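If you want the building blocks of each chain, they are given just below.
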Amino acid sequence: MSSTFINRHWQPRAMLVCHVAAIVLLVSWLWQPTRELWDAFDLWLFTLLNDPVHAGGLWAHVWAIGSMRPVDAGVGVVMLAVMLKADLIFTGAQVRRALFAFLIALTVMLLMRVLFADLVEYMGWQHASPSLVVEGSARLTEMFPAWEERWDLKDSASRSFPGDHASVLLIWAYFMTFFARSWRLLLVWAITVIGILPRLVAGAHWGADAFVGGVFLSLLALAWSCYTPLGYRASEWLEKITLPITSRLANLPLLGRMSIVSGR
């Protein structure tokens, strides 16, 4: 199939919707009357997810494992596997171009994250994670000290806004939503929700860090990478400059069978 499955035109209406939604969401968190609602939601969600951890058992062990740094890498591998598996969401001919387009979207978001972080710091919007603020919260690092020493559990942050982990998962989910259908779409969002939950359960992030900060960044990145010709043009360029490498790899016995290498 042609690479035109990636948008190659400006879509100002969709861009406007993304920007307006992102700005309204951020303003709802900054404006005091609605900020009180966000704060109440944050505390309710943290209490709901974190309180059962006190009891230990399977619930605590599951989320302690989910909070390990290597598990983050594992989630990334799953995300890539879903993208690169031919005929799961993309055809074999689309896989490489789709990966390049997503990497452009991710790069755009990371650049925006750097600029937004400076703005957050300058405006004094930054805050500590709930595990450092809410008295009596369950700390996975204290419950599993051996695991913390070996695997570096993530259950706190002195600067938790916005949720970087959530923003990466969300930009991937938004991108995949353009192409996934039926149960595949449910699979994409199930992976996203499961990936976001450990930080919320452990108290490394407030709900607003993910649902305001993460959504804000991912919506803006979506607008500029997927509703403009940027994703198409940049992925086209990456396709050309990597062609000599992929052409050689395509002759190898195992790698040559992979759609990202063979292009089919």
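Since the structure is predicted, the reported quantities are computational estimates derived from the model, not experimental observations. (Residues numbered from 1 in each chain as written. Predicted model: local features only at pLDDT ≥ 70, side-chain atom pairs only at ≥ 80, totals over all residues. Heavy atoms only, no water.)

Now for a nonpolar patch on the surface. Together, Leu 16, Val 20 and Val 24 line one region of the surface with nonpolar side chains, adding up to about 280 Å² of accessible area. Position of Leu 16 among the secondary structure elements: in helix H1 (residues 12-30). (Patch = residues over 30% accessible without salt bridge, like charges linked within 9 Å, V, L, I, M, F, W, Y side chains within 5 Å. Areas by Shrake-Rupley, 256 points an atom, 1.4 Å probe, with all protein chains shown as cover. Salt bridge = Lys/Arg side-chain N within 4 Å of Asp/Glu carboxyl O. Helix = DSSP H or I, 4+ residues; strand = E, 2+ residues; numbered from the N terminus.)

What follows is about the UniProt feature "domain: Phosphatidic acid phosphatase type 2/haloperoxidase" (unreviewed entry) in the protein. UniProt marks residues 108-225 with the feature "domain: Phosphatidic acid phosphatase type 2/haloperoxidase" (unreviewed entry), using the numbering shown here. The straight-line gap between the two end C-alpha atoms of residues 108-225 is 7 Å; of that span, 72% is helix and 0% is strand. (UniProt positions renumbered as here; feature names shortened; annotations may be inferred.)

We now examine helix H10 (residues 182-202). With 21 residues, H10 should reach 30 Å at 1.5 Å per residue; the first-to-last C-alpha distance of 32 Å fits that figure. Largest kink in H10: about 25°, centred on Ile 196, with the proline Pro 198 one to four residues after it. (Expected span 1.5 Å × (residues − 1). Bend = angle between axes of the 7 residues up to and from the residue.)

Here we take up the packing of aromatic side chains. Counted by the stated rule, this structure contains 17 aromatic pairs. Ring geometry for Phe 144 versus Trp 147: centroids 4.8 Å apart, planes at 15°, classification stacked. Through successive ring pairs, a cluster of aromatic residues spans Phe 90, Phe 102, Phe 175, Phe 178, Phe 179 and Tyr 227. Over the ring of Trp 29 we find Arg 35; its NZ or CZ atom is 4.0 Å from the centre of that ring. One Lys or Arg, Arg 97, reaches over the ring of Tyr 232 and ends 4.8 Å from the middle of that ring. (Phe/Tyr/Trp six-rings, centres within 6.5 Å; stacked < 30°, edge-to-face > 60°. Lys NZ or Arg CZ within 6 Å of the ring centre and 35° of its normal.)

A few words on unusual backbone geometry. Omega for the peptide link from Phe 161 to Pro 162 comes to -5°, which places this bond in the cis form. Its location among the elements puts Pro 162 in the loop between helix H8 (145-151) and helix H9 (164-177). Phi at Asp 152 takes a positive value of approximately 60°, unusual for a residue other than glycine. Following the sequence through the fold, Asp 152 ends up in the loop between H8 and H9. Asp 152 sits in the partly exposed class, given a relative accessible area of 35%. Positive phi outside glycine occurs at Ser 182, with the angle close to 50°. (Buried < 20%, exposed > 50% of the residue type's maximum accessible area, 1.4 Å probe, protein only.)

If you look at the biggest cluster of nonpolar residues, it comprises 77 residues, and the most contacted ones within it are Phe 90, Trp 172 and Met 176. Element by element, the count of residues in this core is highest for helix H5 (residues 95-123), at 14 residues. (Core = buried A, V, L, I, M, F, W, Y, C linked by side-chain atoms within 4.5 Å.)

Moving on: helix H3 (residues 57-66). Every buried residue of H3 is listed here: Ala 60, Trp 63, Ala 64 and Gly 66. Taken down its axis, H3 places every buried residue within 160° of arc, on the same side. Among the structural elements, helix H4 (69-84), helix H7 (140-143), H8 and H10 are those in contact with the buried residues of H3. (Arc of directions from axis to C-beta. Contact = heavy atoms within 4.5 Å.)

We now examine the packing of H1 against helix H2 (residues 32-50). Look at H1 against H2: their axes get within 5 Å of each other, and the N-to-C directions meet at 85°. Between H1 and H2, the angle is such that the two are roughly perpendicular. Side by side, H1 and H2 meet where Leu 25, Val 27, Ser 28, Trp 29 and Leu 30 of the first sit next to Gln 32, Thr 34, Arg 35 and Trp 38 of the second. When grouped by side-chain class, the residues that make up the contact of H1 with H2 number 5 nonpolar, 3 polar and 1 charged. (Axes fitted to C-alpha atoms, helices over the stretch in contact; angles between N-to-C directions. Parallel < 35°, antiparallel > 145°, perpendicular 65-115°, else oblique. Nonpolar A, V, L, I, M, F, W, Y, C, P; charged D, E, K, R; others polar.)

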